[in-house]
Amino acid sequence: MINVFGSLVGEAEIAAVTKTMESQWMGFGKKVEEFEELFKKDRGVENFLLVDSGSNALFMALHLLNLPKGSEVIVPSLTWVSCAQAVLLVGCKPVFADCDVNSHNVTAETVKAQITPNTSAIMVVHFAGLPVDMDPIMELGLPVIEDAAHAVDSYYKGKLCGSIGDVGIYSFDAVKNITTIEGGGIHMKSREMYDRAKRLRYCGIGKSGFDSALSNASGVQRWWEYNISEAFIKMLPTNVGAAVGVEQLKRIKELQGHRKKVWDFYQKELASEPWITLPKEPNADETHSYFTYVITVDEKRDELAKFLLENGVYTTLRYHPLHMNQLYGQLDQNLENTQYLNERALSIPLHPNLPMEDAQTVVDKIKAFKKQA
Ligand SMILES: Cc1ncc(COP(=O)(O)O)c(C=O)c1O
């Protein structure tokens with residue numbers, strides 16, 4: 001089966017895991033710090049922390065904003081469930097915004113349509129890694145959370161996606177652009193938020209007793225005692241995951257290069273199919289992360305997906321719209337573009353471990369479907 005998502009780890013990652021395991025310090029430690037420092041230097045950002053998942057990074061992000069309980073946070077409907085769950089978990093209400101039908105991103109207009117006097121923040125998602133047009137969103141004057149789970153290699157007017165709003169998150173799960181096996185990142189605009197997040201990540205304590213003892217230059221007695229700043233859960237990443245992440249970051253150009261090669265191949269090969277709308281390319285002052293390649297078909301999307309599956313090609317839809325989930329109580333909302341894509345969009349295989357022959361097979365099978373349909 002040709003898979004829709006995938007990762008590429010090789011000898012460097014395996015050696016790094018072995019070395020970390022052999023060090024007998026597998027959990028949270030120095031490798032995490034090494035990953036964070038490399039990420040900041042390589043991506044050109046500050047105030048970045050690694051945590052144990054993108055979903056938890058979202059929860060942390062919402063928590064850091066101290067939004068009034070019961071207030072509304074605008075969230076794209078076309079995104080992963082963690083975006084809305086994080087809002088609910090801090091006692092706020094997710095209110096869903098439509099997307100642009102070509103970029104699949106929210107716009108200042110679709111967000112504005114949902115703003116009420118009770119709106120306390122806006123969440124945007126750089127869908128598939130194509131940057132959201134951030135300037136008009138920032139001009140709305142509300143706190144902004146950027147979900148850059150797909151956008152670790154995306155830049156908007158020279159700035160890394162995820163570092164433009166008040167707080168931004170990344171996902172490093174097993175099939176994201178770079179992986180720490182499971183993991184997530186969080187970027188904060190202010191140093192105060194960063195310091196707070198660092199404490200929160202470890203149950204609100206911040207430093208372990210061991211770290212306190214090591215850094216005990218001032219001779220503090222009883223390093224095993226701690227001040228708990230506030231109640232929070234544990235979100236610590238591991239040295240083993242970070243060791244994989246360091247190697248992935250070192251080869252991010254190669255990983256992204258292959259994603260772009262597959263993307264360009266599909267753009268070229270599928271251009272001749274008038275029944276397929278191809279995904280939008282980035283503007284000249286933007287870069288894309290090519291996380292997923294989404295085609296939009298005129299009709300018979302489900303039949304196409306079934307035909308591809310029967311012919312060894314696994315595809316999927318990113319995402320089933322959140323407003324169509326009963327939990328959020330907005331089933332009667334009409335989000336035209338999101339609902340349109342829910343019937344016509346399909347993610348086809350794209351990842352750094354996809355042989356070009358498999359990409360050719362995907363194209364051949366898509367064309368074969370049209371011939372027999
Ligand atoms: C848009 C988006 N946000 C957040 C997440 C959550 O990331 P994680 O899987 O690391 O928890 C995902 C994961 O797929 C995602 O696609």
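Placed above this text is the structure.
Residues numbered from 1 in each chain as written. Predicted model: local features only at pLDDT ≥ 70, side-chain atom pairs only at ≥ 80, totals over all residues.

Right, let's talk about the sheet that holds strand β11 (residues 293-297) for a bit. Judged by pairing direction, the sheet is antiparallel, and its three strands sit side by side in the order β10-β11-β12 without closing on themselves. Because the sheet does not close on itself, it has two edges, and the strands there are β10 (276-277) and β12 (345-348). Direction of pairing for β10 relative to β11: antiparallel, over a ladder of two bridges. By the bridge assignment for β11, Thr-277 is matched with Thr-296. (Pairing = 2+ DSSP bridges. Helix = DSSP H or I, 4+ residues; strand = E, 2+ residues; numbered from the N terminus.)

Right, let's get into the packing of helix α10 (residues 252-269) against helix α13 (residues 356-372). Direction vectors running N to C along α10 and α13 enclose 30°, while the axes themselves pass 11 Å from each other. Put simply, α10 runs roughly parallel to α13. By crossing handedness, the relation of α10 to α13 is classed as right-handed. Facing α10, whose interface residues are Val-262, Phe-265, Tyr-266 and Glu-269, α13 presents Met-356, Ala-359 and Val-363. Here the contact of α10 with α13 is built from residues that sort into six nonpolar, no polar and one charged. (Axes fitted to C-alpha atoms, helices over the stretch in contact; angles between N-to-C directions. Parallel < 35°, antiparallel > 145°, perpendicular 65-115°, else oblique. Left-handed = near helix turned anticlockwise from the far one by under 90°. Contact = placed C-beta atoms within 7 Å. Nonpolar A, V, L, I, M, F, W, Y, C, P; charged D, E, K, R; others polar.)

Taken together, the buried positions of helix α12 (residues 336-344) are occupied by Thr-338, Leu-341 and Arg-344. Relative to the axis of α12, the buried residues are bounded by an arc of 140° and lie together on one face. Away from the buried face of α12 by more than 90 degrees, exposed residues Glu-336 and Glu-343 are located. (Buried ≥ 20, exposed ≤ 12 C-beta atoms within 10 Å, placed from the backbone. Arc of directions from axis to C-beta.)

Within strand β4 (residues 119-125), five of the seven residues are buried, leaving the element largely enclosed by the surrounding structure. In terms of strand pairing, strand β2 (residues 72-76) meets β4 through three bridges, oriented parallel. What sits directly across from Val-73, in β4, is Ala-121.

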